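The chain contents come next:
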Amino acid sequence: MRPDDLLQPTPRGLYCPPADVYIDPVRPVEKALITHGHSDHARPGHGAVLATATTLKIMAIRYGEDFAGTTQATDWGRPVTINGVTFTFHPAGHILGSAQIAVSWKGLTIVASGDYKRGRDPTAEPFEVVPCDVFITEATFGLPVFRHPDPAAEVAKLLASLRLFPDRAHLVGAYALGKAQRVMSLVRAAGWDQPIYMHGAAEKLTRFYEAEGIDLGEVRLVKAADRKALGGAVVLCPPGSMKDLWARRFPDPVTAFASGWMRVRARARQGGVELPLIISDHSDWDELRETIRETGASEVWVTHGQEDALVHWCGTVGLRARPLRIVGYGEEGEAEPADLAPASVEPAA
């Protein structure tokens, strides 16, 4: 049996013909399996959705309780069979509730990994290697230049800046789902015991993380505080808000941005980022290659990111590989908008 008989890329997303379901479809479909809650993978309007309980809750927060016709929650490692095809969800380590989906049929197993990272993160379930015949991997940072540093060292830069500029609020651009909560956790682990402030856009998701047992310390809303009195405070906000009126109300803030893209000097300069923090929720070049090897897959499909480089590397080590080129992924989180793409990938110091 060919792998394409089990999963195939279509304009709507990855489609499983024997089960008649889609994985992370980019358009509304009758039956969808969702890997995680970021909007480029989890869209409203499907007839039925199967996902982890956490992802379903996140989708309800973002889109409302009626985001799909029906929903079904699944547990880690519990097989769900649809028309003879078995689907099993395994932790992806990307954000809270994020999953890889193992698809098995007639002796063949394909793992659709969604987005994933390998590093330790108390705000997400740890990544699990899933043996398979075909591995579908992202390649957001699929170039050798992308080797992520220790996130604790990046947060140490933030705390050093706070000591150096105790009268300036430090605005940290971080996506509202996953990245903001991870940065909060990292700051706490580094010993910061002062209140952390957040933009209102992150409130519901941050409170959800806390309700799920993630300890983030004291987190307050900016709107409840006098911004002129927030000198020396850590303030988490969506990247887009750093250039609007909301940010201008802070007197002389230090602008920071937590993203794997901060490895690129041009990206930091272009965004006017004073303090780039290389903190990523995606695997870097070494982790992508390590994961491919550990799955034992003989064939690799590469999607959303630097597809060609990873496909080329697979060929050099004797693995069959191809890019999927599915349009629609990479619109949230650390995906790079085309209009902000840097001219080069010169690594930052």
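As shown above, the structure is provided for reference.
Residues numbered from 1 in each chain as written. Predicted model: local features only at pLDDT ≥ 70, side-chain atom pairs only at ≥ 80, totals over all residues. Heavy atoms only, no water.

## Thoughts on the overall build of the chain
Next, step 1: Within the chain, the secondary structure is distributed over eight helices and 19 strands.
Next, step 2: Taken over the C-alpha trace, the chain has a radius of gyration of 20 Å; the compact-globule value for 349 residues is 20 Å, and the two agree within 12%.
Next, step 3: Based on the C-alpha atoms only, the size of the chain along its principal axes is roughly 65 × 45 × 35 Å.
Next, step 4: The burial tally for the chain puts 58% of its 349 residues in the buried class.
Next, step 5: Excluding contacts between residues fewer than 6 apart, the proportion of contacts in the chain whose partners are at least 24 apart in sequence is 60%.
Next, step 6: As presented, the chain carries roughly 14000 Å² of accessible surface, and 51% of it is formed by carbon and sulfur atoms. (Helix = DSSP H or I, 4+ residues; strand = E, 2+ residues; numbered from the N terminus. Rg over C-alpha atoms; globule rule 2.2 N^0.38 Å. Buried < 20%, exposed > 50% of the residue type's maximum accessible area, 1.4 Å probe, protein only. Contact = heavy atoms within 4.5 Å. Areas by Shrake-Rupley, 256 points an atom, 1.4 Å probe, with all protein chains shown as cover.)

## What about the packing of aromatic side chains?
Next, step 1: Enumeration according to the criterion identifies nine aromatic pairs in this entry.
Next, step 2: Ring geometry for Y175 versus F257: centroids 6.1 Å apart, planes at 65°, classification edge-to-face. Taken together, the positions of Y175 in the loop between strand 12 (170-173) and helix 3 (179-189) and F257 in strand 16 (residues 254-258) put the pair 82 residues apart, joining distant regions of the chain. Each member of the pair Y175 and F257 is classed as buried. (Phe/Tyr/Trp six-rings, centres within 6.5 Å; stacked < 30°, edge-to-face > 60°.)

## Quick word on the sheet that holds strand 16
Next, step 1: One open sheet accounts for six strands, arranged 14-13-15-12-16-17; its pairing is parallel. The open sheet has two free edges, formed respectively by strand 14 (219-221) and strand 17 (275-277), since each of these has just one partner strand. Each strand axis lies, on average, 25° off the axis of its neighbour in the sheet, ignoring direction.
Next, step 2: Here strand 13 (residues 196-198) pairs with strand 15 (residues 234-237) via three bridges, running parallel. Along strand 15, the bridge assignment pairs I196 with V234.
Next, step 3: Against the sheet, helix 2 (residues 151-164) makes contact with strand 12, strand 15, strand 16 and strand 17, and its axis sits at roughly 155° relative to strand 17, the strand it touches most. (Pairing = 2+ DSSP bridges. Axes fitted to C-alpha atoms, helices over the stretch in contact; angles between N-to-C directions.)

## Looking at the environment of R118
Next, step 1: Along the chain, R118 falls in the loop between strand 10 (108-112) and strand 11 (134-139).
Next, step 2: Under the relative-accessibility criterion, R118 is labelled partly exposed at 24%.
Next, step 3: Setting aside anything within four residues of it in sequence, one finds R118 in contact with F127, V129, S283, E287, E290, T291 and E294.
Next, step 4: Of the polar contacts made by the side chain of R118, one reaches the side chain of T291; its length is 2.7 Å.
Next, step 5: Here E294 takes part through its side chain, which lies 3.0 Å from a polar atom of the side chain of R118. (Polar contact = N/O pair within 3.5 Å; in protein donor to acceptor, adjacent residues only side chain to side chain.)

## Thoughts on the nonpolar core
Next, step 1: Of all hydrophobic cores here, the largest spans 35 residues; its most connected members are V172, Y209, L236 and L277.
Next, step 2: Going through the elements one at a time, helix 2, helix 3, strand 13, helix 4 (203-211), strand 14, strand 15, strand 16 and strand 17 are the ones with two or more residues in this core.
Next, step 3: If one sorts the elements of this core by residue count, helix 3 sits on top with five residues.
Next, step 4: Once you skip the residues sitting within four places of it in the chain, V172 turns out to touch L158, V183, V234, V235, L236, C237, A256, A258 and L277. (Core = buried A, V, L, I, M, F, W, Y, C linked by side-chain atoms within 4.5 Å.)

## As for the pattern of salt bridges
Next, step 1: Following the criterion strictly, the structure yields 20 salt bridges and no others.
Next, step 2: A salt bridge links R2 to D5, with the nearest nitrogen and oxygen atoms 3.3 Å apart.
Next, step 3: Residue class for D5 comes out partly exposed when judged on its relative accessible area of 30%.
Next, step 4: In this structure, the salt-bridge partner of R182 is D121, at a minimum N-O distance of 3.8 Å. One end of the pair, R182, is in helix 3; the other, D121, is in the loop between strand 10 and strand 11, with 61 residues separating them in the sequence. (Salt bridge = Lys/Arg side-chain N within 4 Å of Asp/Glu carboxyl O.)

## Focus on the environment of H46
Next, step 1: The topology assignment puts H46 in strand 5 (residues 46-52).
Next, step 2: The class of H46 is buried, set by a relative accessible area of 2%.
Next, step 3: Separated by 15 residues in the primary sequence, H46 and K31 have C-alpha atoms spaced 6.5 Å apart.
Next, step 4: Setting aside chain neighbours within four positions, we find H46 in contact with P25, R27, P28, V29, A32, I34, F67, A68 and G69.

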